[in-house]
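Chains, contacts and geometry: an overview
Each chain is listed here by its residues.
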Amino acid sequence: MSATPSLRWGILGCGRIAHKLAHAMQTSSTARLIAIASRDQGRADAFAEDYSLPYAHGSYETLLANPEVEAVYIATVHPEHAEWAIKAAEAGKHILCEKPVTMNTTEAERVVAAARTHDVFFMEAFMYRWHPQFIKLTDMLASGVIGDVFQIEAHFCFKSERDPDGRLYNKALGGGALLDIGCYPMSIARRVAGIALGMPFADPTELEGSATFDPETGVDVTSSAVMSYEGKIRVELLCSIQIDKSAELKIYGSKGMLVMHNCFNCEGEIELINKPHATPPLPSDTSRPLAIYEVEAVSKYLAEREAPNMTWGDTLGNMRALDLWREAIGLRYDCDA
Ligand SMILES: NC(=O)c1ccc[n+]([C@@H]2O[C@H](COP(=O)([O-])OP(=O)(O)OC[C@H]3O[C@@H](n4cnc5c(N)ncnc54)[C@H](OP(=O)(O)O)[C@@H]3O)[C@@H](O)[C@H]2O)c1
C-alpha cells in the first residue's frame, strides 16, 4: 500500500509565526513545506536556507504562481490577510490563514466566498482548536461533567514593549489587543457556549464592552466584554497587551467548574472542581509542536474544503462578534470605511 503523498505548502510572510509553522511542518508526515515568499528576496532566501526549502520567492505573487505549491499558509500582518487569501483562492491554492482571519466581517465574507467559488480548502488558524488538551476539555464539557453551564470567563493578556512602529501598536498594521488576541477568548467562549447549548459554536445575543487606548497611536491596549446568550449563559472576556496575566478559561456549571490554564498554547493543566469529588489536574501532552495539529487537520479535511473544529461559519461568527465588540468600544480602522 502506498503512503498518502504529503501536501506541498508555501508560506506568505517571513515573520515570527511563520517560523513556528515552518518548524512544525518539518515534523509532519502529511505536510511538506517547499516554498517561502517575502516582500524582500533576501529575507526569503535566508528563510529558505534555514528550512532547506527549494523555492524562495521575492514576492507573494510569484509563490502563488508556483505550480508546485498546493496549499498556502498566510502569515502576514492581519490587514493583508483578506487580499492574499482571495488571491490564493483565485490561484487555486488551499488556504490556512492566520487569525484574526481579516479585519472585519465584510472582508471575511469575501474570503469565504472566494474559497467557495474557487473550490479550495480554507481555515482560520486557531491552533488551540486542534490540540488534544482542548479536545479533552470539550469532551468533558459535552459529557455533562459540570452540569448546566451558566458562566464562562476567558482571558488572554501579555505585557508587550510599547513600540509605536511595531505591529501591536501600529493601527495601520491592525494593532491593538482586541484583534490580535481578543479573537482568542471570543472564539473559545463561542465554542464552549455552543457545546453547552448542543451546537458546534454559538454567537452571543448581547455584548457590552469597555477599553483603554494608547493615547498616541489610538490602539486598544486593554479590552473587555460582557456577553450573554439569551440570559442563559453569561460570558466575561478580557484581552490586553499591557497586563501580564497569561491565558485562562473558566467554565462554571450547576455541578462544578472546569478550568484550563494556558488555554491558547495548550500547555496548561485542566482542573475539574466538582465538590465533593477532588479530581487530580490533567496535564497536557506537549511532546508535539502546537501548530502540528492544525497543519495535519488541513490534510485530513482537504477534500471537504472546511474542517469541523474551525468551520467557515465559525470564522464568520467570530468576526461578527469581534465587529460588535469593536463597535461597543468605538474602535475603528481605515479598512472599515
Ligand atoms: N496563531 C498564533 O499563535 C499567532 C501568533 C502570533 C501571530 N499570529 C498572527 O500571525 C500574523 C503575523 O504575526 P507575526 O507575529 O508573525 O508578525 P511579524 O513577525 O510582524 O510578521 C508579519 C509579516 O507580515 C509580512 N507583511 C506583509 N505586509 C506587511 C506590512 N505592510 N508591514 C509589515 N509586515 C508585513 C512581513 O513579511 P515579509 O516582510 O517577509 O513579506 C512580516 O514579516 C498576524 O496576523 C498575527 O495575528 C498568530
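Structural notes on unusual backbone geometry
- The peptide bond linking Lys99 to Pro100 adopts the cis configuration, its omega dihedral lying at -15°.
- Summarising the element assignment, Pro100 is placed in the loop between strand E5 (94-98) and helix H5 (105-117).
- The backbone of Asn262 sits at a positive phi, close to 45°, despite the residue not being glycine.
- You can see Asn262 is positioned in the loop between strand E12 (257-261) and strand E13 (270-274).
- At Arg305, a residue that is not glycine, the phi angle is positive and equals roughly 75°.
- Along the polypeptide, Arg305 turns up in the loop between helix H8 (292-301) and helix H9 (312-329).

A short note on helix H4 (residues 81-90)
- Along H4, 7 of the 10 residues are buried, which leaves the element largely enclosed by surrounding structure.
- Listed as buried for H4 are His81, Ala82, Trp84, Ala85, Ile86, Ala88 and Ala89.
- Among the residues trailing H4, Gly92 stands out with phi positive, at a value near 80°.

With respect to the nonpolar core
- Judged by nonpolar contacts, the single largest core of 112 residues is most densely connected at Ile11, Leu21, Ile36, Ala85 and Ile95.
- The dominant element in this core, judged by the number of residues it contributes, is helix H7 (residues 177-196), at 12 residues.
- No fewer than three residues from each of domain 1 (7-127) and domain 2 (128-336) sit in this core.
- Apart from residues no more than four positions distant in its own chain, Ala85 is found in contact with Ile74, Ile95, Cys97, Val111 and Ala114.

A short note on the site of the ligand
- Near the ligand you find 22 residues, and of these Cys14, Gly15, Ile17, Ser38 and Glu98 are the closest.
- Among the elements that make up the shell around the ligand, the one with the highest residue count is helix H1 (residues 16-25) (3 residues).

A look at the sheet that holds strand E2 (residues 31-37)
- Strands sit in the order E3-E2-E1-E4-E5-E6 across an open sheet of 6 strands; the sheet is parallel. Two strands bound the open sheet, and with one partner strand each, they are strand E3 (55-57) and strand E6 (122-125). With direction set aside, neighbouring strand axes in the sheet form an average angle of 25°.
- Summarising the sheet, strand E4 (residues 71-74) and E5 pair through 4 bridges and their orientation is parallel. Bridge pairing in E5 links Ile74 to Cys97.
- With respect to the sheet, helix H2 (residues 41-50) is in contact with E2 and E3, its orientation differing from that of E3 by roughly 160°.

A closer look at the packing of H4 against H5
- Where H4 contacts H5, the two axes come as close as 9 Å, and the packing angle between them is 10°. The pairing of H4 with H5 is recorded here as roughly parallel in orientation. Here H4 contributes Ala82, Ala85, Ile86, Ala89 and Glu90 to the contact with H5, which in turn contributes Glu107, Arg110, Val111, Ala114 and Ala115.
- Along the lines of polarity and charge, the residues of the contact of H4 with H5 split into 7 nonpolar, no polar and 3 charged.

What to know about the sheet that holds strand E11 (residues 246-253)
- One open sheet holds the 8 strands; their spatial order is E8-E9-E10-E7-E11-E12-E13-E14, and the pairing between them is mixed. Each having just a single partner strand, strand E8 (206-213) and strand E14 (277-278) make up the two edges of the open sheet.
- Inspection of the sheet shows E13 paired to E14 by 2 bridges, in the antiparallel sense. Across the sheet, the residue bridging to Ile273 is Ala278, located in E14.
- This element, H9, spans E8 and strand E9 (220-229) of the sheet and lies at about 55° to E8.

Thresholds applied
Residues numbered from 1 in each chain as written. Predicted model: local features only at pLDDT ≥ 70, side-chain atom pairs only at ≥ 80, totals over all residues. Helix = DSSP H or I, 4+ residues; strand = E, 2+ residues; numbered from the N terminus. Buried ≥ 20, exposed ≤ 12 C-beta atoms within 10 Å, placed from the backbone. Core = buried A, V, L, I, M, F, W, Y, C linked by C-beta atoms within 7 Å. Domains from an automatic or database assignment. Contact = placed C-beta atoms within 7 Å. Near = placed C-beta within 6 Å. Pairing = 2+ DSSP bridges. Axes fitted to C-alpha atoms, helices over the stretch in contact; angles between N-to-C directions. Parallel < 35°, antiparallel > 145°, perpendicular 65-115°, else oblique. Nonpolar A, V, L, I, M, F, W, Y, C, P; charged D, E, K, R; others polar.

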